[in-house]
Structure formats: structure tokens, C-alpha cells
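# Tertiary structure, described
If you want the building blocks of each chain, they are given just below.
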Amino acid sequence: IHLDQVLVEFTCKSPRPSLPTEWALCGEREDRLEVLKASTFALVIAPGDGQVVASAGCGMRLFEALEVGTIPVVLGDHSRLPYHQFIRWSEAAIIVPKPRVTELHFLLRSLSDNDMLAMRRQGRFLWETYFSTSENVLNTLLASIRTSIQVPAAPIKEEPAHEIPHKAGKLAGTDANLADNGDLDLGPVETEPPYASPRFLRNFTYTAADTYRAWNRAPGPFHLFPHTPLDPVLPSEAKFLGSGTGFRPIGGGTGGSGKEFQAALGGNVPREQFTVVMLTYEREEVLMNSLERLNGLPYLNKVVVVWNSPKPPSDDLLWPDIGLPIVVVRTEKNSLNNRFLPWDAVETEAILSIDDDAHLRHDEIMFGFRVWREARDRIVGFPGRYHAWDVNHQSWLYNSNYSCELSMVLTGAAFFHKYYAYLYSYVMPQAIRDMVDEYINCEDIAMNFLVSHITRKPPIKVTSRWTFRCPGCPQALSHDDSHFHERHKCINFFVKVYGYMPLLYTQFRVDSVLFKTRLPHDKTKCFKFI
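Residues numbered from 1 in each chain as written. Predicted model: local features only at pLDDT ≥ 70, side-chain atom pairs only at ≥ 80, totals over all residues. Heavy atoms only, no water.

The criterion, for reference: UniProt positions are given in the numbering used here, feature names are shortened, and annotations may be inferred rather than shown by experiment.
In the annotation of an unreviewed UniProt entry, the entry for the chain reads Exostosin-like 3, and the organism field reads Dicentrarchus labrax. Under the Subunit (unreviewed entry) heading, UniProt states for the chain: "Homodimer; disulfide-linked. Interacts with REG3A."

### Observations regarding the overall build of the chain
Condition: Numbered from the N terminus, helices here are DSSP runs of H or I no shorter than four residues, and strands are runs of E no shorter than two. Here's how the labels work: a residue is buried when its accessible area is under 20% of the maximum for its type, exposed when over 50%, partly exposed in between, all with a 1.4 Å probe on protein chains only. Contacts were defined at the residue level, with two residues in contact if any of their heavy atoms lie within 4.5 Å. In this description, accessible areas are obtained by the Shrake-Rupley approach with a 1.4 Å probe, and a residue is regarded as covered only by the protein chains that are shown. Only four residue types enter the charge count, namely Lys and Arg as positive and Asp and Glu as negative; His and the chain termini do not. Charge placement uses NZ in Lys and CZ in Arg. For Asp and Glu, CG and CD serve respectively.
The secondary structure content of the chain amounts to 14 helices and 17 strands. Overall, the C-alpha framework of the chain stretches about 85 × 60 × 50 Å when taken along its three principal axes. Out of the 530 residues belonging to the chain, those deemed buried represent 50%. Counting contacts in the chain only where the partners sit at least 6 residues apart, residues at least 24 apart contribute 76% of the total. Within the structure as shown, the chain displays about 26,500 Å² of accessible surface, and the carbon and sulfur contribution to it stands at 54%. Each charge class in the chain was averaged separately, 55 positive and 61 negative side chains, and the resulting centres sit 4 Å apart.

### Section: the side chain of serine 425
Heads up, the condition is: Nitrogen and oxygen atoms within 3.5 Å of one another constitute a polar contact, given that in protein one can donate a hydrogen and the other can accept it, and given that sequence-neighbouring residues count only through two side-chain atoms.
Within the secondary structure, serine 425 is located in helix H11 (residues 418-427). Here phenylalanine 340 takes part through its backbone oxygen, which lies 3.1 Å from a polar atom of the side chain of serine 425. Residues in contact with serine 425, not counting those within four places in the same chain, are Phe340, Leu341, Pro342 and Arg433.

### With respect to helix H2 (residues 56-68)
Defined as follows: Given a helix with a known number of residues, its expected span is that number minus one, times 1.5 Å.
Counted at 1.5 Å a residue, the expected span for H2 with its 13 residues is 18 Å, and the 19 Å between its end C-alpha atoms agrees. Three or more residues of H2 are buried, namely Gly57, Cys58, Gly59, Leu62, Glu64, Ala65, Leu66 and Glu67. In the core, the buried residues of H2 are packed alongside helix H1 (29-37), strand S1 (41-45), strand S2 (71-75) and helix H4 (113-131). Taken from the residues just after H2, glycine 69 is the one with a positive phi, measuring 85°.

### Some thoughts on empty space enclosed by the protein
How we decide: Throughout, the protein atoms alone are placed on a 1 Å grid, and a set of points is a cavity if a 1.4 Å probe fits but cannot get out or a pocket if it is open with protein on both sides within 12 Å along at least five of seven lines; lining residues have an atom within 4 Å of a point. Grid points are joined across faces, edges and corners, and a volume is the space filled by probe spheres set on the points.
Counted according to the given criterion, the structure contains two cavities of 30 Å³ or more. Size it by volume and the largest cavity reaches roughly 80 Å³. The wall of the largest cavity is formed by Arg146, Thr147, Ala153, Tyr206, Thr207, Ala214, Trp215, Pro221 and His223. The set of elements that each furnish at least two residues to the lining of the largest cavity consists of helix H5 (134-148), helix H6 (203-208) and helix H7 (211-216).

### Here we look at the pairing of strand S7 (residues 300-307)
Quick note on the threshold: DSSP calls a pair of strands paired once it identifies at least 2 bridges connecting them. By convention, orient the strands away from the viewer: a clockwise path from the first strand over the helix to the second makes the crossover right-handed.
Across the eight residues of S7, eight count as buried, placing the element largely inside the fold. Pairing geometry for strand S6 (residues 274-280) and S7, over seven bridges, is parallel. Among the inter-strand pairings, valine 277 is bridged to a residue of S7, identified as valine 304. Read as a crossover between parallel neighbours, the route from S6 over helix H9 (residues 284-292) to S7 is right-handed. Two strands pair when backbone bridges link them, and S7 and strand S9 (residues 326-330) are joined in this way by five bridges, in the parallel orientation.

### With respect to a nonpolar patch on the surface
Formally: Exposure above 30% relative accessible area and no salt bridge define the residues that can form patches, which grow by joining like charges within 9 Å and nonpolar side chains of Val, Leu, Ile, Met, Phe, Trp and Tyr within 5 Å. Should a side-chain nitrogen of Lys or Arg be within 4 Å of a carboxyl oxygen of Asp or Glu, the pair is scored as a salt bridge.
A grouping of Leu138, Leu141, Leu142, Ile145, Ile149 and Val151 is seen on the molecular surface, where their side chains present a nonpolar patch of about 540 Å² in accessible area. Inspection of the secondary structure assignment puts leucine 138 in helix H5.

### A word on the nonpolar core
For clarity, the cut-off: Within this scheme, the nonpolar core is defined by two criteria: the residues are buried Ala, Val, Leu, Ile, Met, Phe, Trp, Tyr or Cys, and they are joined through side-chain atoms within 4.5 Å.
In terms of nonpolar packing, the biggest core is built from 70 residues, with Met447, Phe449 and Phe494 touching the most fellow members. Sequence-distant contacts of methionine 447, defined by excluding residues within four places in its chain, comprise Phe340, Ile379, Thr411, Phe416, Tyr420 and Tyr424. One finds Ile250, Met288, Ile322 and Leu360 within the second-largest nonpolar core, a separate group that totals 47 residues.

### As for the pattern of salt bridges
In this structure the tally under the stated criterion is 27 salt bridges. In this structure, glutamate 64 and arginine 32 form a salt bridge, with 2.6 Å as the shortest nitrogen-oxygen distance. With glutamate 64 in helix H2 and arginine 32 in helix H1, this pair connects stretches of sequence that are 32 residues apart. Neither glutamate 64 nor arginine 32 differs from the other in exposure class; each is buried. Across the pair glutamate 91 and arginine 217 runs a salt bridge, and its minimum N-O distance is 3.0 Å. Of this pair, glutamate 91 sits in the loop between S2 and strand S3 (94-96) while arginine 217 sits in the loop between H7 and helix H8 (258-262), and the two are 126 residues apart along the sequence. In this structure, a network of salt bridges that share partners links the residues Arg202, Asp210, Arg213 and Asp231.

### Side note on unusual backbone geometry
The residue after alanine 218, namely proline 219, is reached through a cis peptide bond having omega 10°. The phi torsion at tyrosine 299 lies on the positive side, around 65°, for a residue other than glycine. Locating tyrosine 299 in the fold gives a position in the loop between H9 and S7. The backbone phi angle of isoleucine 440 is positive, close to 50°, even though this residue is not glycine. Looking at the element boundaries, isoleucine 440 is found in the loop between helix H12 (430-439) and helix H13 (443-455).

### Brief notes about the sheet that holds S6
The cut-off we apply is this: For helices, the fitted axis covers only the stretch in contact; all axes are lines through C-alpha atoms, and the angles between them, taken along N-to-C directions, range from 0 to 180 degrees.
If you walk across this open sheet you meet the nine strands as S4-S9-S7-S6-S10-S15-S11-S16-S17, and the pairing is mixed. Unpaired on one side and paired on the other, strand S4 (162-163) and strand S17 (509-510) mark the two borders of the sheet. In this sheet, strand S16 (residues 460-462) lies alongside strand S11 (residues 380-381) in parallel orientation, the contact comprising two bridges. Along S16, the bridge assignment pairs valine 380 with isoleucine 460. With respect to the sheet, H11 is in contact with strand S10 (350-355) and strand S15 (413-417), its orientation differing from that of S15 by roughly 85°.

What follows is the structure in C-alpha cells.
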């Protein structure tokens, strides 16, 4: 019979000062942490005096358990854990009345592995966010006061885009490689100039109404975001009964197939546009060709070119005129992390991150944008990859083989919400960005880790593409064997930083609704090739 191991010490060589009615802390902190690291649960006994709702000893036991990922078991429901009015401690700790102490072993044995891992992860989030450093403790105190009087946090900072002047040349032509979409236009009937996504519409409600989510989910209550992918959505009636400003329902609300579909964005949220963010490094001809292919792309707000080279563009370089702003941003250093900086030049919620040699058709981009609008909290992209388990070395591997299961999409061609650019640059552990700079690699893996960690959802792959490199372009670094070895190392290092593997598998991709559907002669498909 397998018996659970329980450690209870009744003697103490060097007890710490404590209240007369509480159990003393024994030994050195390092010794206690070693025991907790090997434990699943840690018993925290509230002081015997019912008038005492908190004590230094109980607080120390609680914080040490959270620090190492052990689940605190608080015996005594009269105790008040830190910031209990904001933090839902039941998601990270088990709180049991003292009269039920005889049931404790049964209650702990009834927890599933899923619940235990979720509680350990939540406990670690609370420790890292609110209690791990003196700076965090001070920020948490100030945030609690601010939340109590319903004052929003300071807006999170934007990265100033220092623009490199450039000269526009001839009008860009139509790309000969664009797929024929039949008789359908890919854009709206109305000609819409570039417009920004609305910002800071929920300053008060984010603080007053979303207190639970702000305090109990990453990144915490310390920043005010201009918009998030989790903002509430109006019901369908809003499009037609007085709140329809900005909505573009298909067929004016009657629906329809291809022609009606392409004339409006439809969906559940108002009209919007997206920004292309294109990273480049000393490949001017490839860059110019990629920019020219964006000419005529519907719903495009602007193009932000992240110039990662220390050398400025050639003086005689003529940039294509695509009828929309092309903002060329100077960077402080050559870093792949620059791809995900929250540039102030990006004025839309939707970002299409794309490599300068990625070759996507307009209909593919438009379909990806429409899918992202329905899954705003996910990465929506084209080439899929997955993390595989190396049985021999008991570690993770990065795998790009054709597979019926995936867990990542490459951000060399993917949509994501600008919210994740803030988290990547200012909230994600610095050690991950440092490794990206060290290897000049893995920034796409880091973004997939981040989004899956926040959402606990896999990315969404669209279309049948597994690669997106343009024909005739210079060979990319990803063809080098060392590239894959570095990515293996990145995945295993990121797992150590997060404390677990955040990536999740998915076994489906998304295609348009009427794809391969037999239609009557008077109907057309949403997309001819998707």
C-alpha cells in the first residue's frame, strides 16, 4: 500500500519569535525552502486566538510556500490573507476551518492533478507579481489603494518610433503573383482612409468592474492598456438597434455569399484596420518587392518597417508608393525583439507581423485578418510548428516537419493583438529577451510561449501553407542547422523560466466557411482558394 509522506516537526532547535498562540517557524529559511520544494502541500496553521486574523509567522509560511510552488493549506478560515479583497486566494490556496482538520487528508487526496497544477501556477503568479521583491510589495500597496478609490493605473508606455526619412518613388503596380479571386473584390465597397482603433475607452470600468481579472490574471493591476483582446463584445442586436456605429454587417444584416461577404467585414466587432510590422536587415531589394506587394491590400492602416541595421537606407533608394503611410523606424540596436516593441506608430489593435521575405497573397492575408477578429486573444498565422518530446534526453525539441498537430505559428507571418507587444516588451521575464538577443533567434517561440501562458490556448493556423518564403529571395538563416539547435535550447530554457511548458497542441486549421462546398450557380464562394 502506498502511503503519503507527511512531515511534522514537534521539536525546534532554533525557534523564531512568534505569538503565544501560533506555531513557531523553525530553522533557517534555506532549510525550510528545501523541504517545501519536495512538497506538494504546506500546512499554514492560523493563530489559535480567533481575534488574530493575520500574523508574521503565518505570512512567512504562506510566502515561502508560494515562492517554491507549493500549495498552501491554511487551517483556520478566520484568517485574512494579504489583499483578500482583491486576490481570490481560493485559486491558489486551500482554506479549511479548523474543525475539519480530521478530513484534511481526504480533502487533499481528492484534488486532481489538473487542479493542483493550476493552483501551483496561480500561487507562483501571485508570488512573482505581488510579493517577490520590495519594489513589487510597494507597487502592490499603491495599487490596492488606487483600486480602492477607483483610480486607474498609469497608461503603459509606448515605444517612440524615430522615423528615418525616405523618398517615395513610382506608384506600386499590381503584383503578378496575387491569386485570382474570381469576380470578387477583397475590400469594402466604401473607400475608407486610414483610421486608428479607439483607445482607452474602459479606463474606469477596467479598474472598477474588472477588479477580479486585473488582480488575479497576468500581468496584474499595474498598467492601464489602451485596449485588450478581452474587452466585452456587444450582442448582435447592437448592429441594428441603435448601437450600430462602426459595424459592417454582411449584406446589411441579411447575410450572403462571396460578393456580399467581401463588401463588408461583418463579424461581432465594429470595423477596424490592421498594421503591417515588417522587420528587415540590409535586404533592400527584397524589402522593396515585399512592400510593393502590399499595394491595394484592403483594411491596411499603414506599414511600419523596423530597420534593424545600424546602416541607414541607401540615399538613392526609392520606396514604392502604395497609397498608405510607410513608416521606417530606426532601432537602437540589431535585435529580433524589436519586432514586438509596441511602437507608437502602430495605431491599430491588430498587428500583422511579417518577414521582409514572406510571400503571402492578398486573399490569404484578408482571411487571416477576418479569423483573428473572431479570436483576438490568439496568434493567428500561417506556417505551423510544434514542440516534440525527446525521449532519449528527456527534453523538448523544436520541430518543423509536416505534422497533423501543432503548437506554434511563426510570427514571420501572423496576426496578434498589440496588447501582447506590451507584455512581450515590458512584462515578460527579461531573461527570455536576453536569450533572443544572444542567439539572434527564437523571438517567435518566445511570443508563442507568452500568449499560450496568458490564455492557456494554442494558436490558430489558417490556410494550407507550411512555408512562406518568396521564390528567388536570398537564403534565410532558418536553413542553417545551428538555427534548429538554438531553437531546441530556447524551448528548454523558456520552460525553465516559466516553470512549466505553456505551449498547447491543436489538431485543426481554419478554412473559409464555403470552402469545397457545392454552390448554386447564382452564389459565389467566400474565397476562391481558401
